[in-house]
Amino acid sequence: HKRFPVRGPMQRVLVLIHPCFASSITSFNYQETSLSVPSWTTLQGVPAGTSGTNDAQSARVFLQLTGTNTTCEGCPSALLKLDNGTSLINFYIQSSTPPTGPIRLVEANGAVNLVNVVIQVIGTETHPVDLLFVASGTLVAQDLGLLRNTFSSLSRGLVLTGSAFAGINGGRFFVPSG
């Protein structure tokens, strides 16, 4: 007996993720080296609310990715890989670890939906960094943020390959030189 025998457009898996204790509003809730979300899965962050005027992260669950390379032997193709039919809702995704090689923060394959998601890299960029790489299919995004704090000619914000397509409604892109 399989726990999830068949997943598809009519049989999706919903995972609600509540923020765990963070020491401050700018501290991460969860930390992973890399993460792969299987097809037809929705990860939905449950916002914690805010007690102050800065709600940049409080309306989202804060996930920090600590991987340093996505091109080495045995490395994942991206720090966060989203497969066909995946939805990501209410997340603030950040990488602050200096890379030891080229990095793709988020990679979308197939039909992927992002709602109220911010993808950010901070710190020194000594190797190429792609914030959001759409390898195939269609990306649909509502209130998407792509942010980078450094001015690096090595990095790119949104990358579409081949016949990949992106439809974006609202959000903020701050990706100097990318």
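Residues numbered from 1 in each chain as written. Predicted model: local features only at pLDDT ≥ 70, side-chain atom pairs only at ≥ 80, totals over all residues. Heavy atoms only, no water.

Here the focus is the pairing of strand S10 (residues 129–136). The buried count for S10 comes to 6 of 8 residues, which makes it a mostly enclosed element. Bridge count for S10 against strand S12 (residues 156–160) is 4 bridges, and the pairing is parallel. Residue pairing in the sheet places valine 134 in a bridge with leucine 160 of S12. (Buried < 20%, exposed > 50% of the residue type's maximum accessible area, 1.4 Å probe, protein only. Helix = DSSP H or I, 4+ residues; strand = E, 2+ residues; numbered from the N terminus. Pairing = 2+ DSSP bridges.)

The next point concerns the sheet that holds S12. On the basis of which strands lie adjacent, the open sheet formed by 5 strands has the order S3-S6-S8-S10-S12 and parallel pairing. Edge strands, defined here as strands with exactly one partner in the open sheet, are strand S3 (35–37) and S12. Shown here is a sheet whose adjacent strand axes are inclined to one another by a mean of 15°, direction ignored. As judged from the 3 bridges shared by strand S6 (residues 80–82) and strand S8 (residues 103–109), these two strands associate in the parallel manner. Looking at the pairing, leucine 80 lines up with valine 106 of S8. (Axes fitted to C-alpha atoms, helices over the stretch in contact; angles between N-to-C directions.)

Within this structure, the stated rule accounts for 3 salt bridges. The partner of lysine 81 in a salt bridge is aspartate 83, and the shortest N-O contact between them spans 3.6 Å. Here arginine 156 and aspartate 130 are joined by a salt bridge, their closest N and O atoms 2.9 Å apart. With arginine 156 in strand S12 and aspartate 130 in strand S10, this residue pair connects regions lying 26 residues apart in the sequence. Classification of aspartate 130 as buried rests on a relative accessible area of 8%. (Salt bridge = Lys/Arg side-chain N within 4 Å of Asp/Glu carboxyl O.)

Keep in mind these numbers describe shape, not what the thing actually does.
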